[in-house]
Structures are given as C-alpha cells and as structure tokens.
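The residues making up each chain are set out below.
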Amino acid sequence: MPALTELIAAHSGPFHTYEFFPPRTEAALVNLLDRVRRLSSAPLPAPLAVSVTWGAGGSTAERSLELAEHVSKLGLEVVLHLTCTNMARARIDGALARCRALGIRNVLALRGDPPRAEEYGLDCAAAAADEFSHAADLVRYIRATHGDWFCIGVAGYPTPHPDSASADDEVRWLKHKCDAGADFIITQLFYDVDGFTDWVARCRAAGIAQPILPGILPIQNYASFKRLTNLTKVPVPPHILADLEPIRADDAAVKKYGAQLATAMVRALLASGTVRGVHLCTLNLEKSVRMILENVGWADDQAAQGARQGSPLPRHNQLIADDADVPAGANGHAHGHVGDVAAGLSISPQEASQLAEWGLTHHALPPAPKTGLGHNVAPSTGAGTSTGTGARGAPTAKAGEDSWDEYPNGRFTDVRSPAYGEIDGWGSGLKASAAAAVRAWGTPSTTADLSALFTRYLRSDRNTPTTPFCDEPLSPETATILGPLLELNSAGRQRWTVGSQPAVDAARSEDPTHGWGPPGGYVFQKAYVEFFTRKQDVDRLRARLAAADGADGPHPGIISMYAANRDGGYVTNTQKDAVNAVTWAAFPGQEIVQSTIIEEISFLAWKEEAFEIWSEWARLYPRDSPAHRLLDGIGNEWWLVSLIHHDYKDADALWRFLLDDPAQA
C-alpha cells in the first residue's frame, strides 16, 4: 500500500478520508463492510484512505485488526489507529508486525488514556514512563524499529486538549510529535472554522509543515452532540447552540442540520486554502456522510443514474432471475432497463448466492432497509436512565442508501447495525477523567458504599451527577419508577441498576415524558431492568421464574431473564433465538417501529463491556487499595441480570416481582 502522504501529493483536487470503528458483532461487521463499499463506490468519489479506530489500552485490538484487513481487501488504503499507553511493548510490536504482514503502511499514533502501568498490570520495566507516556514516544519507537516503512500520523487539537496548559502549549506538543517523525496530522473535531484556520497558521509559523486533515464529525443527534462536546471540552459557537435548541428533540431535524453544518464547514475550509481535504468521522453511519459529499458536489450524478448502488446483502423476498435476463454491471449488480424495472422484485444468481452464504455462515439474515420509513428510531436508554427523544419526520431513504439504522441510541437497537453499541464515537468505558471520576464517585471500600453511590445518583445528588455506567442525568421518565429503583439499589438489597424503563401503554408520541417519533403516534414499552447482583441472587431469581413458568403459573413466560458473569457463565429462561421488543410505536402512514430490542446476542455483547467498566473503575485506585480490591472482586464474581416483563398493561408487575422477594424482604 502507498503512504498516505504520497496519495495526498499525487491527488490534484479536493479529497476526503473516512473513519470507522470496529463493530461489536459479526453481523454488524458484514453490514459495515457493505456500507464501506457503498460509500467508496460511484456515484460517490472513492476516499483517499479509510481509518480504523483502536480502543484505549488495546481494548479493540483484534477487532480493529480484523476490520483493517477486510477493508484493505476491498482495495482501499487503510490508516490503523494505534494507542500506546497502558499497553505492553509486545502488544504494540505484534500490531505493527500484523500491519506489515497485511501491507498496511499508514498508522495514526495516539497516546490513549493517561499512563497507568501499575494499575493495568503491565511490566513496569517494559512500560517505563520514558517510553510510552505520550504519542511522540510511539512515533519515535516506530521510527527506531521500522525505519521509514510506516507513514505515521498524529492527532492535532485546534482547540487545546484538556491536558494542555494553553493553545500555544498545544502547538508545541504537536511540533514535538512532528519532530519525532510524524508524516501527517488528523485533527480532533471542532466547530469554529475561523479558529481552525488561525490554528493552522500558528502551526505553520511554528515550523509544522506536515499535511493537516481536519476531522469533521457530523452532528447525529442532540444527546450525542452534548455528550461528546462535554467529554472533549470542544467549544461550540453560540449560533450553533441557538440553532439546535428548538429542534433538540427532533432527531431527523438535528441530523439534517448536522449534515448541513458539516457541508458549510467543508466548503469554508476548502475555500480558505488552508487544507485540501477533510477527514469524515462516520460513526459507522452512512446518511450524513453521503449528504455532505453530495452537497459539496463531489457525487457523480451521471453514475448515480446509470448504476444501482444498493448492496445485494440486505434484500429479501426476491425472485432469482436467470443470468440471461440480468445484465451485470460492476460487482455483478444489475443495471440498465431490466435492472430499473425489476430492481425491487428480482435478484441475480450471484447476489442470491452471496446472501445464502451469509445466512448459512451467521445463521441469520442481515437486516432489510426500512424503505419508506427511513429510520429505526429509539429512545436513548442509557445505563440507569431512560429518555424519550427520537426522530420526527425522518425522510425516506434514497435509492442506493442504507439508512435503516440512521438513528443510533447505544446498545439498544439492532445488533446487526454497524453503529450498534456506539452513541458518540467515544467508545465504551468510563466517560470521565480519573480526577473527575474520583471526585464524583469517591473511594468505595464496601458494598454499602456502592449502594450509597448508586442511590445518590438516583436522587440526583449534585455531588454525584454520574456513575461509571451512566454519564447523563436521569430522565423525567425514570422518575416514574424512582421508588422501586431506590429500593433495589439500597444497602439491604444491593441490586445495582444500570438500565431500566417503565411500562407504557399507548402514550401519545408528543408526550413530554414518554413520547418520541413523529407526532400523531402512540408509544408502547415493556418494563425492564438491568442490574448487578450476587450469584445466589441469580439462582433465587431463576428458581422463582421457573416456578412462575410451571403448569400452575398464572402467566407462563411473562418475565424473560438473561444473566451472565465475566467468565462466560450464562443462564436464560428464553429460547436461544428469542427477540424481545421492549419499545415500539405506531405512527400514521408507517409500519410498526420496533425500536428497542433485547436478545441474547446483544446482551452478551453488552456484558463484555459492562464487566470491563468495573475493571476500568478499579484501575482508578492503587492496586492493593481496598477500593481496587472491592471493584475488581465485583467485576470478577458478580453477575449482570436483565429482566423484561411482557405485560406492559400492568405498570407495576415487574417491580412487584422484584420487591416481593421473601429472601430480600
């Protein structure tokens, strides 16, 4: 593969690169690769390169390398992100060796989380502060061990990184990374174009000559925008906040505004002459990026009319046409007159073969785009909270565009979505600095301390605005079940809740507490709760559910249970392929919108992250401290439980079942 700097030098006009993160499930990976193909094919211009993110501490190492390999096999140049802190040198060496074996020459050298070698259990001699404390250390290491084989990028911050003392200090740090051997720069997100151009001028004045690619992250929804700007401390011009305020509860309007704002930024950046290309952060979604490229005039309209760009993978219920009846274009897709007439009715033998192979391999079919709906709306259900904002008036998806999951709201949507489990691009794990986390959560040393922490959060104590599992305040909806949640989290019961929602029976979609989606609809929810508890409590719950599901039970199967621990223990009272819709709605002129689902694959994917949060929390404290031992022990010994009560007309049924437990009374 060529170096990114060589590609930039050889490209005469404006260009773009993409950024994707490794999906959390196999089905999501298949759909992401399909999405990457579409975003890299006519009528859209091909990206100069595709970057693949890397979780802090190497948390996504294998998935990142797998995605990088697949993308490179699509014929696209890859830029692999690589963090260095809290990682053993051998792991970095292994990643670099894998890159060389795959022919991936471009890497983005990042620091990652602040160094905590002792807490991460690393060999302190191999993780000496002088070696991997900063991104510049990784740049020097790659140069020392691999010479000029790699083309190395580093991060730039148009607004100062939270750890930098000033804007001038930030430029000095960037110069330090460039002097260590960096070849190009990709920036953090920003919203002030004039501020960015001033920053570029300061960089050039400081002797930084490397190509700079501005990072553009389209606003996807208001909640994720606020979360991300709060986490990154990126300033937002007042006019943007003023524009967003009246549409903050309208996901479709916010997404459209975000694409328009990003388009205006790209145009202004290119017109300024400070940069020649942009780096588009996709969040594994398609619609906003496609809109930006079309708005700036980079899409080829002629190619759009002459070719069907939709993938064969998401299509269902189609006839298999004879080879002679289907003229094949690039990639075997039908085009021309026959393709235009039968686009929605038939599928080529080649495409049918691909679809069947996928189904046999993954024991499922990938999702069909919800054409005519244009969205897969979901209330944002965070840990310990449930909110009610969704898309209003979402547009119909255009041909060749895969927008069935364009309104991501974390891990509750469809596990087949490439964006599943991601709200803001920040990744899983703690959403606070070590200092801020300790201030908010204290130094717990007993389980009673943890119960006190969770109940303070539920009571909206201003000194405990977050928990490790939720970085947002409680929603008004959660107030309707606050009593049961407080009791569950009490020192006497110690069922620490990290997700919940009340039962709702036909609330108007305009309802300020429960409503979401376009006006004129009705919203339904099943009560559910998710919590950590001891193994003996899991056994007791399982026995009570088995008794209720027996011949004498009044409502067999009325409560579904999923429970798992870190070591692979797993119990459930549901069928393996059961899919539980826990939030849905009916809107005028649309099919039923089944927005929030809980199933085995999604629960098990989430539990991996949930237990890792306990480990990250423990690492905030010295290894032999009581707090570290407590949190590490809970992560290793306790279980995560999810309960869904299917009678949404009985609002108190789930809470009665949990609180009427004689063993906990």
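The coordinates are above.
Residues numbered from 1 in each chain as written. Predicted model: local features only at pLDDT ≥ 70, side-chain atom pairs only at ≥ 80, totals over all residues. Heavy atoms only, no water.

With that settled, consider helix 8 (residues 193-205). Taking 1.5 Å of rise per residue, the 13 residues of helix 8 would be expected to cover 18 Å, and the 18 Å separating its terminal C-alpha atoms lies within 8% of that figure. Looking at the buried positions of helix 8, the neighbouring elements they touch are strand 5 (151-156), helix 7 (167-179), strand 6 (184-189), strand 7 (212-216) and helix 11 (251-272). Taking the backbone nitrogen of D194 as reference, a side-chain oxygen 3.2 Å away marks D192 as the first, capping residue of helix 8. G207 occupies a position one or two residues after helix 8 and carries a positive phi of about 95 degrees. (Helix = DSSP H or I, 4+ residues; strand = E, 2+ residues; numbered from the N terminus. Expected span 1.5 Å × (residues − 1). Contact = heavy atoms within 4.5 Å. Polar contact = N/O pair within 3.5 Å; in protein donor to acceptor, adjacent residues only side chain to side chain.)

Here the bond from A42 into P43 is cis, since omega is 15 degrees, no more than 30 degrees from zero. Among the structural elements, P43 can be located in the loop between helix 2 (26-39) and strand 2 (50-52). Phi is positive for N284, which is not a glycine, with a value near 65 degrees. Here N284 lies in the loop between strand 8 (277-281) and helix 12 (287-295). Take N284: its relative accessible area is 0%, and that puts it in the buried class. A positive phi angle, close to 60 degrees, is found at A506, a residue other than glycine. Of note, A506 is situated in strand 12 (residues 504-508). (Buried < 20%, exposed > 50% of the residue type's maximum accessible area, 1.4 Å probe, protein only.)

Let us look at the nonpolar core. Counting residues in each nonpolar core, the largest one holds 82 residues, and the members touching the most others are I92, Y191 and I216. No other element matches the seven residues that helix 11 contributes to this core. The residues touching I92, leaving out its near neighbours within four places in the chain, are L82, T83, C84, M87, F132, L138 and Y141. Among the nonpolar cores identified, the runner-up in size contains 33 residues, and F603, I613, W617 and I644 belong to it. (Core = buried A, V, L, I, M, F, W, Y, C linked by side-chain atoms within 4.5 Å.)

Our next topic: the sheet that holds strand 12. As summarised here, the arrangement of the four strands in space is 12-13-17-18, forming an open sheet in which the pairing is antiparallel. Both edges of this open sheet fall to strand 12 and strand 18 (593-599), since each of them pairs with a single strand only. Averaged over all neighbouring strand pairs, the angle between strand axes comes to 20 degrees, with direction disregarded. Both strand 17 (residues 579-586) and strand 18 contribute to a ladder of six bridges, which runs antiparallel. The residue bridging A585 from the neighbouring strand is V593, located in strand 18. (Pairing = 2+ DSSP bridges. Axes fitted to C-alpha atoms, helices over the stretch in contact; angles between N-to-C directions.)

One pass over the full model with this rule turns up 20 aromatic pairs. On the basis of an interplanar angle of 80 degrees and a centroid distance of 5.6 Å, the ring pair of Y191 and F225 is categorised as edge-to-face. Taken together, the residues Y191 in the loop between strand 6 and helix 8 and F225 in helix 9 (residues 222-232) connect sequence positions 34 residues apart. Its relative accessible area of 8% is what places Y191 among the buried residues. Overall, F225 belongs to the buried group, its relative accessible area being 4%. Chaining the aromatic ring pairs together yields one cluster made of W441, F454, F469, W496, F532, F611, W614, W617 and W638. Cation over ring: R105 sits above W149, and NZ or CZ is 6.0 Å from the ring centre. Positioned above the aromatic ring of F657, the side-chain terminus of R544 is 4.1 Å from the ring centre. (Phe/Tyr/Trp six-rings, centres within 6.5 Å; stacked < 30°, edge-to-face > 60°. Lys NZ or Arg CZ within 6 Å of the ring centre and 35° of its normal.)

Let's shift gears to the pattern of salt bridges. Throughout the structure, instances matching the rule amount to 24 salt bridges. Close ionic contact of E609 with R24 constitutes a salt bridge, the shortest N to O distance being 2.3 Å. With E609 in helix 20 (residues 600-618) and R24 in the loop between strand 1 (15-20) and helix 2, this residue pair connects regions lying 585 residues apart in the sequence. As far as the burial class goes, E609 and R24 line up, both buried. Note that R172 is salt-bridged to D169, the shortest N-O span being 3.6 Å. With R172 and D169 both in helix 7, this residue pair falls three residues apart, about one helical turn. For R172, a relative accessible area of 52% translates into the label exposed. Among the charged side chains, a network of salt bridges with common partners joins D34, R35, R37, R38, E286 and R290. (Salt bridge = Lys/Arg side-chain N within 4 Å of Asp/Glu carboxyl O.)

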